[in-house]
Amino acid sequence: MPPLISVEEVSRVFTGGARAVTALERVSFEIQTGNFVSIVGPSGCGKSTLLKIISGLLPPSSGKISVGGKRVDQPLENVGMVFQAPVLLKWRSVLGNVLLPVEFGKLDVAGYLDKARALIQLVGLAGFEEMFPHELSGGMQQRASLCRALVTDPQLLLMDEPFGALDAMTRDELDIELLRIWEERKKTVLFVTHSIQEAVFLSDVVFVMSARPGRLLETIVINLPRPRTVEMMSAVKFGEYTLKIRSLLSTAGGGHAAAAGSTM
């Protein structure tokens, strides 16, 4: 079966300042349809840049990205994105924010109302449809952001440290919620995180990146049973995966940055 995402020898160099900065260097990997894949690496290693290139928001300096067998040379339409900040419009209700991609895509809003309300219920925000962002907690805002990313039923979900700014308990709760939604909706997810434990807990595959310029150090296949539970994090096998990834990052000079985010 051909991969949904193919990244071939992708590099990205930023110019315009005092000197050129190489963010990514010859990164190659494939992601199969329906997989949950995480990228871990130290700050500044190009993880977010890589997501932008895959989504078509940023061109690579060299190399090739394909999604669904088609080369990416413009912003993808069938993709949902979730960022560290919820980026909700403060003057719009939860329901109004969730429906934004429908309006931007010039789709029939009335035809998506039931789907939007079902997603809001799915993430535990039933009853909050008409509330405004300032009336919600950080975790609730991220739930709304996730609904917005899913409302047009994209094949691919790109998530850039979506829970990194939340407290540990809320983060754990949303990780479990995300897995529940993923198992129900069968989306392909590419998830960027600083937390090694979070990556192991969520993923089928973890890509470990080096410090800048970002290179792919190793691909770790996570052979842990699903559905995942919090108790699984105390298992010997879980610990072996986290130690292996930590060792790779430490050897590559990224140990401190990665360890700092390893809180679940």
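So, here's what we can say about the structure. (Residues numbered from 1 in each chain as written. Predicted model: local features only at pLDDT ≥ 70, side-chain atom pairs only at ≥ 80, totals over all residues. Heavy atoms only, no water.)

### Description of the pattern of salt bridges
Link 1 in the chain: This model, assessed by the stated rule, comprises 11 salt bridges.
Link 2 in the chain: Among the ionic pairs, arginine 26 bridges to glutamate 9, the shortest N-O distance being 2.6 Å. Linking arginine 26 in strand E2 (residues 21-31) with glutamate 9 in strand E1 (residues 5-14), this pair joins segments that are 17 residues apart in sequence.
Link 3 in the chain: We classify glutamate 9 as partly exposed; its relative accessible area is 37%. (Salt bridge = Lys/Arg side-chain N within 4 Å of Asp/Glu carboxyl O. Helix = DSSP H or I, 4+ residues; strand = E, 2+ residues; numbered from the N terminus. Buried < 20%, exposed > 50% of the residue type's maximum accessible area, 1.4 Å probe, protein only.)

### Side note on the sheet that holds E1
Link 1 in the chain: Read across the sheet, four strands follow the order E2-E1-E4-E5 without closing on themselves; strand pairing throughout is antiparallel. Each edge of the open sheet carries a strand with a single partner, namely E2 and strand E5 (70-71).
Link 2 in the chain: Here E1 runs beside strand E4 (residues 62-67); their pairing, made up of five bridges, is antiparallel. Bridging from a neighbouring strand, serine 11 pairs with serine 62 of E4.
Link 3 in the chain: Against the sheet, helix H1 (residues 47-55) makes contact with E1, E2 and E4, and its axis sits at roughly 60° relative to E2, the strand it touches most. (Pairing = 2+ DSSP bridges. Contact = heavy atoms within 4.5 Å. Axes fitted to C-alpha atoms, helices over the stretch in contact; angles between N-to-C directions.)

### Things to note about the nonpolar core
Link 1 in the chain: Ranked by internal contacts, the top residues of the largest apolar core, which has 51 residues, are Met159 and Ile245.
Link 2 in the chain: If one sorts the elements of this core by residue count, helix H5 (residues 138-150) sits on top with six residues.
Link 3 in the chain: With residues near it in sequence (within four places) discarded, isoleucine 245 still touches Val40, Ile196, Val200, Val206, Val208 and Ile220.
Link 4 in the chain: In this structure, Leu24, Val37, Ile53 and Val205 belong to the second largest nonpolar core, which totals 28 residues. (Core = buried A, V, L, I, M, F, W, Y, C linked by side-chain atoms within 4.5 Å.)

### Brief notes about H5
Link 1 in the chain: Here H5 spans 19 Å end to end across 13 residues, near enough to the 18 Å set by a 1.5 Å rise per residue.
Link 2 in the chain: Within H5, 12 of the 13 residues are buried, which leaves the element mostly enclosed by the surrounding structure.
Link 3 in the chain: Regarding H5, the residues found buried are Gly139, Met140, Gln141, Gln142, Arg143, Ala144, Ser145, Leu146, Cys147, Arg148, Ala149 and Leu150.
Link 4 in the chain: Contact partners of the buried residues in H5: strand E6 (79-82), helix H2 (94-98), helix H3 (100-104), helix H4 (109-122), strand E7 (156-160) and helix H6 (168-185). (Expected span 1.5 Å × (residues − 1).)

### Some details on unusual backbone geometry
Link 1 in the chain: Residue proline 213 is reached from arginine 212 by a cis peptide bond, and omega for that bond is 0°.
Link 2 in the chain: You can see proline 213 is positioned in the loop between strand E9 (205-209) and strand E10 (216-221).
Link 3 in the chain: Omega for the peptide link from arginine 226 to proline 227 comes to 5°, which places this bond in the cis form.
Link 4 in the chain: On the secondary structure map, proline 227 appears in the loop between E10 and helix H8 (236-251).
Link 5 in the chain: The phi angle at valine 87 is positive, at roughly 55°, despite the residue not being glycine.
Link 6 in the chain: Structurally, valine 87 can be placed in the loop between E6 and H2.
Link 7 in the chain: One non-glycine residue, aspartate 153, adopts positive backbone phi at about 60°.
Link 8 in the chain: Checked against the element boundaries, aspartate 153 lands in the loop between H5 and E7.

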